[in-house]
Amino acid sequence: MELNSPRTAAKGGAAPQAFQPLQAIIGLGAIQAGTMLAGLLRTKVLALLLGPDGLGIVGVIDQTVAFFTHLGTLSLPLAALKFLSKRKSAGMEAFARLYRAFLMSLLVASVLSTALGVALAFARTGVLSDELSPHRTALILGLLTAAPLAVVALLRNVLATLERYRAAALVALFGAVLLVGSSYAGVRLVGLPGLYVGNLVVHTMLAVLLMGLIRRVPGMGTPSPGPGTVGILRSERGLISFCTSIHFLSLASPLAYLVARVTILSHHGAEAAGLFYAAYGLAVAIRVVLNQANGLYLSPIVNESTPKNVRAAKAGEYMRVLMVILVLGAAAVALFPQLFLIALYSKRFLPAGAFLGAFLVSEAILLVAGVYQALLIGFDDIRSHVAISLAGNAIIAGVSLALVPSQGPLGAALAFIAGHTLILLLTAGRLQHAHGARGAMKPFSLLLLGLLVLALGALWTTRVDPPFVWRALAYVGVAVGALSLLNAHERRWILAPWRSTRNQ
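Below is a summary of the structure that appears in this document. (Residues numbered from 1 in each chain as written. Predicted model: local features only at pLDDT ≥ 70, side-chain atom pairs only at ≥ 80, totals over all residues. Heavy atoms only, no water.)

## Details of the overall build of the protein
Logical step 1: When helices and strands are counted, the protein shows 18 helices and 0 strands.
Logical step 2: Within the protein, buried positions represent 55% of all 504 residues.
Logical step 3: For the protein, the accessible surface area stands at approximately 20,500 Å², while carbon and sulfur atoms represent 67% of it. (Helix = DSSP H or I, 4+ residues; strand = E, 2+ residues; numbered from the N terminus. Buried < 20%, exposed > 50% of the residue type's maximum accessible area, 1.4 Å probe, protein only. Areas by Shrake-Rupley, 256 points an atom, 1.4 Å probe, with all protein chains shown as cover.)

What follows is the structure, given as structure tokens:
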């Protein structure tokens, strides 16, 4: 599938502006769907090899690694999307200098973060949960992947600012495929520690590959001598304050999610943590597939030096198309949860269907909130973004501590819904009242309708357990309604492959 950049003409002429988000979401999303399928295959392998108990331990270790990865990024991957997008207008020499300053800073910070995490894990594993103490070696090996993960996150965003969207997405797909093999081999040969040895090798390879791809871009070779890393970063107006503010925020989300996971593990055991992993992982898979376009397509656009109303209108068009694709994907999981749980995990994970729908709704809310968050960052309203996101993550942590001991994984899902809803509403309100972003608010009613459809579908299948035929008919109805929200150009583009096959 060929993906046009926002500035590239479509075949046969320039693509209509409203048509481009569909190309980006489906084009990048298709590659990311392959990436997620590989990721889900890896999860399937782990589910069969480790069972719910082992998968629950993996989930807590992975969330701990995510926290220390964020700690070491200094928010430079996100800053790359914002500041490197602006720096392109000054020429590739200036772009390359700033890129290298970002990379050197991130390398130093991520190595220090990894060292801190390893030291804490070695000395005080039980500070997270006593259940992790027998898995100290796996935890330490997992933490060693924090630095390569941080570097890969930065380099993929650098490729996006260079409009190498497909390259960035394809590298992720390549890595996901490699992780399937390394995970199987690692667990079979060494057990749980082998899983993280494989992760370390694969992510290190990806970092080297991405650096090679960036060097091949014209103008991205070794620049002429100039200011040092510190001097370059200080000269970039607003960079230090941006990274400082966003960095505190970037720690809040993984910390809130870690609280939820550890609370489940401590109060309900590894099996419940494994069921949480299954339901949450399936919901996150859909969000991550579609969030690919949020980061690689939308973020550079909303950070361009164009009028606010223009960027808001583009975000609104993007949101409309995103909701259609989101409902098409998430409704299938909401209506057929058992099929997905068996296919991606095993029958031992079917109890996760009781709260899978709630996680689907929570991740759908977070996905669309991410569009408004990207626009708020594009408007340089960093303080509001940080304050709103911190409030939402505080709700997640607080409600998790209150509900998880009695409700288990369902309590975590309700906590996520509460926190994500607060982020969505406050961000939308800030855009409307402080920035007059009316163009971005146009699809808000469609957003609410889409979330309602997902919630009702999940409740219907959980409480009523309707026959397969009724579920299938319901999905057809939802699909027809969703596709009717696309314009003529978008519908023709989606149906073109089917029509070509039919006419052969």
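## Quick word on helix H16 (residues 444-463)
Logical step 1: Between its first and last C-alpha, H16 extends 28 Å over 20 residues, near the 28 Å set by a 1.5 Å rise per residue.
Logical step 2: Considered for burial, the residues of H16 that qualify are Phe-444, Leu-447, Gly-450, Leu-451, Leu-454, Gly-457, Ala-458 and Thr-461. Down the axis of H16, the smallest arc covering the buried residues is 155°, so these residues share one side. The exposed set on the far side of H16, more than 90 degrees from its buried face, consists of Ser-445 and Arg-463.
Logical step 3: Residues of H16 that are buried make contact with helix H10 (308-335), helix H11 (337-344), helix H12 (353-378), helix H14 (409-435), helix H15 (438-441) and helix H17 (468-483).
Logical step 4: A positive backbone phi angle near 55° is found at Asp-465, which sits one or two residues after H16. (Expected span 1.5 Å × (residues − 1). Arc of directions from axis to C-beta. Contact = heavy atoms within 4.5 Å.)

## As for the packing of aromatic side chains
For any pair of aromatic rings, the description consists of the separation of the ring centres together with the inter-plane angle of the planes.
Logical step 1: Inspection of the entire model under this criterion finds 13 aromatic pairs.
Logical step 2: Their ring planes at 65° and their centres at 5.9 Å tell us that Tyr-280 and Phe-359 sit as a pair that is edge-to-face. Remark: Phe-359 occurs in helix H12 and Tyr-280 occurs in helix H9 (residues 239-302); sequence separation between them is 79 residues. An identical accessibility class is assigned to Tyr-280 and Phe-359; each is buried.
Logical step 3: Above the face of the Phe-379 ring, Lys-308 is positioned so that its terminal group lies 5.1 Å from the ring centre. (Phe/Tyr/Trp six-rings, centres within 6.5 Å; stacked < 30°, edge-to-face > 60°. Lys NZ or Arg CZ within 6 Å of the ring centre and 35° of its normal.)

## Brief notes about unusual backbone geometry
Most peptide bonds adopt trans geometry, and most residues besides glycine take a negative phi value.
Logical step 1: You will see that Leu-74, though not glycine, has its phi angle at about 55°, which is positive.
Logical step 2: Residue position: Leu-74 is located in the loop between helix H1 (20-73) and helix H2 (76-87).

## Notes on the nonpolar core
Soluble globular proteins tend to pack their nonpolar side chains together in the buried interior.
Logical step 1: Residues Ile-61, Leu-326, Tyr-345, Phe-359, Tyr-372 and Leu-375 are the most contacted members of the largest nonpolar core, which totals 109 residues.
Logical step 2: Tallying contributions element by element places H9 first for this core, with 26 residues.
Logical step 3: Leave out the neighbours within four places in its chain, and Leu-326 touches Ile-286, Leu-290, Ala-331, Ala-364, Leu-367 and Val-368.
Logical step 4: Counting 41 residues, the second-largest nonpolar core is a separate cluster that includes Phe-83, Leu-84, Ala-207 and Ile-214. (Core = buried A, V, L, I, M, F, W, Y, C linked by side-chain atoms within 4.5 Å.)

## A closer look at the environment of Leu-447
Logical step 1: Assignment of secondary structure puts Leu-447 in helix H16.
Logical step 2: Separated by 82 residues in the primary sequence, Leu-447 and Ile-365 place their C-alpha atoms 8.8 Å from one another.

## Thoughts on the pattern of salt bridges
It is possible for side chains of opposite charge to pair when their charged atoms get near one another.
Logical step 1: As enumerated under the stated definition, the model contains 4 salt bridges in all.
Logical step 2: A salt bridge links Arg-471 to Asp-465; its shortest N-O distance comes to 2.6 Å.
Logical step 3: The class of Arg-471 is buried, set by a relative accessible area of 4%. (Salt bridge = Lys/Arg side-chain N within 4 Å of Asp/Glu carboxyl O.)

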